[in-house]
Amino acid sequence: MARPREFDADQALEKAMNLFWAKGYHDSSIRDLVDATGVNYYGLYSVFKDKQGLFLSSLDLYTRRVTREVLAELDRPGPANDAIAAAFQKLVGFVKPKAGHAGCMIATAAIEVAPYDKKAAAKVRAHMDRLTRAFKRRLEEDAAHKKNAGSLGEFFATNAYALGVLARAGKNTEFMNRHVQTTLTVLS
């Protein structure tokens, strides 16, 4: 008879996500993950198979939690320019250093893991595509930007990732806000 699981997998995943977000994949050792989650090696591996499985599940959780809130800003009623500005302000709030992590977990994965991990690369691409489509959809609703909605959607998605990299590189909130203001000038 199988032994019942003695930990909450969702809570362990959230703690693992926060560790990966803070330290990245390579700097998060198995020992770090065990310490952060409070779950032993065998418990983690029984649910997530291996470190990569735990990381990929963490990327999914990040997308469900963080990305969903940014996308919700793009669904706000009102002018597209205001919704896009609100989405970028939400992004600045998420990527600024706090609670032990800084930057965008997806942007970090794109740089650190995706070049050699096909599964992580697919998740990064899917995330970028989702973000691009959301910006594009919102821009298509605005007559002034409808013609260039595709290229502007790509531009905004790319700049969203840039914020994550800037935060990871130690840039402060004021710097990121200036970057956002410059980015938004294309809507003028």
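Along each chain, residues carry numbers from 1 onward, in the same order as the chain's sequence is written. Per-residue local features of the predicted model are confined to residues with pLDDT of at least 70, and side-chain atom pairs are confined, for both listing and counting, to 80 or more; whole-chain, interface and lining totals are unaffected and use all residues. The basis for every side-chain value is the complete set of non-hydrogen atoms in the structure, without hydrogens or water.

Caption draft 1: Summary view of the overall build of the protein chain. Helix numbering and strand numbering both begin at the N terminus, where a helix is a DSSP run of H or I of at least 4 residues and a strand a DSSP run of E of at least 2. Of the regular secondary structure elements, the protein chain holds 9 helices and 0 strands. Helices (α) and strands (β) of the protein chain occur, in sequence order from the N terminus, as α-α-α-α-α-α-α-α-α. Oriented by its inertia axes, the alpha-carbon framework of the protein chain measures out at about 65 × 35 × 30 Å. Note on exposure labels: buried denotes an accessible area under 20% of the residue type's maximum, exposed denotes more than 50%, and partly exposed covers the range between, all computed with a 1.4 Å probe on protein chains only. Each of the 188 residues in the protein chain was classed as buried or not, and the buried ones make up 46%. A separation threshold of at least 6 residues defines the contact pool for the protein chain, and within that pool the share at least 24 residues apart is 67%. Note that accessible areas follow from Shrake-Rupley with a 1.4 Å probe, and for residues the cover is restricted to the protein chains shown. Entry remark: accessible area of the protein chain is about 9900 Å², with carbon and sulfur atoms responsible for 53%. Residues scored as positive are Lys and Arg, those scored as negative are Asp and Glu, and His as well as the terminal groups of each chain are ignored. Think of each charge as sitting on NZ of Lys, CZ of Arg, CG of Asp or CD of Glu. The averaged location of the 21 negative side-chain charges in the protein chain is 2 Å from the averaged location of its 28 positive side-chain charges. Two residues qualify as a contact provided that any one of their heavy atoms is within 4.5 Å of a heavy atom in the partner residue.

Caption draft 2: Seen up close, the packing of helix α1 (residues 9-23) against helix α4 (residues 51-74). Axes here mean lines fitted to C-alpha atoms, for a helix over just the part in contact, with angles spanning 0 to 180 degrees between N-to-C directions. Following both chains from N to C, one finds α1 and α4 inclined at 90°, their axes separated by 9 Å at the closest point. Here α1 is positioned roughly perpendicular relative to α4, judged by the angle of their axes. Contacts between α1 and α4 involve Leu 13, Glu 14, Ala 16, Met 17, Phe 20 and Trp 21 from the first element and Lys 51, Leu 54, Phe 55, Ser 57, Ser 58, Leu 61, Tyr 62, Arg 64, Arg 65 and Val 66 from the second. Oblique is the label for any angle not under 35 degrees, not over 145, and not in the 65 to 115 range, which are roughly parallel, roughly antiparallel and roughly perpendicular in turn.

Caption draft 3: Molecular detail of empty space enclosed by the protein. Cavity and pocket criteria rest on a 1 Å grid covering protein atoms alone: a 1.4 Å probe that fits but cannot get out defines a cavity, protein on both sides within 12 Å along at least 5 of 7 lines defines an open pocket, and an atom within 4 Å of a point defines a lining residue. Grid points are joined across faces, edges and corners, and a volume is the space filled by probe spheres set on the points. Following the criterion strictly, the structure yields 1 cavity of 30 Å³ or more and no others. Roughly 100 Å³ of internal volume is contained in the largest cavity. What lines the largest cavity is simply Tyr 62, Val 66, Thr 67, Val 70, Leu 91, Val 95, Cys 104, His 127, Leu 131, Ala 160 and Tyr 161. Those elements giving two or more residues to the lining of the largest cavity turn out to be α4, α5 (80-95), α7 (118-140) and α8 (149-168). For the lining of the largest cavity, the leading source of residues is α4, giving 4 residues. Gly is put with the polar residues, along with every residue not named as nonpolar or charged; the nonpolar set is Ala, Val, Leu, Ile, Met, Phe, Trp, Tyr, Cys and Pro, and the charged set is Asp, Glu, Lys and Arg. Tallied by class, residues from the lining of the largest cavity come to 9 nonpolar, 2 polar and no charged.

Caption draft 4: Geometry of the pattern of salt bridges. Throughout this description, the term salt bridge denotes a Lys or Arg side-chain nitrogen within 4 Å of a carboxyl oxygen of Asp or Glu. What the rule picks out here adds up to 11 salt bridges. Between Asp 32 and Lys 23 there is a salt bridge, with the nearest N and O atoms lying 2.8 Å from each other. Its salt-bridge partner being Lys 90, residue Glu 73 comes within 4.0 Å of it at the nearest N-O pair. Of the two residues, Glu 73 is situated in helix α4 and Lys 90 in helix α5; the sequence distance between them amounts to 17 residues. Under the relative-accessibility criterion, Lys 90 is labelled partly exposed at 28%. Here the residues in one salt-bridge network are Glu 69, Glu 73, Arg 76 and Lys 90, joined through shared partners.

Caption draft 5: Looking closely at the nonpolar core. Residue types Ala, Val, Leu, Ile, Met, Phe, Trp, Tyr and Cys, when buried and joined through side-chain atoms within 4.5 Å, form a set referred to as a nonpolar core. If you look at the biggest cluster of nonpolar residues, it comprises 59 residues, and the most contacted ones within it are Ile 84, Phe 88 and Phe 156. With 10 residues, α4 is the single largest residue contributor to this core. In contact with Ile 84, other than residues within four places in its own chain, are Leu 74, Phe 135, Leu 139, Phe 156, Leu 184 and Leu 187.

Caption draft 6: Structural detail: the environment of Leu 131. By the secondary structure assignment, Leu 131 is in helix α7. Linking Leu 131 and Lys 118, residues 13 residues apart in sequence, is a C-alpha distance of 20 Å. Apart from residues lying up to four places away in sequence, Leu 131 is in contact with Leu 71, Ala 157, Ala 160 and Tyr 161.

Caption draft 7: Representation of the packing of α8 against helix α9 (residues 173-184) in the model. Packing of α8 against α9 leaves a shortest axis separation of 10 Å and a crossing angle of 170°. With respect to α9, the element α8 is oriented roughly antiparallel. Contact residues: α8 offers Phe 155, Phe 156, Asn 159, Ala 162, Leu 163, Leu 166 and Ala 167, while α9 offers Phe 175, Met 176, His 179, Val 180, Thr 183 and Leu 184.

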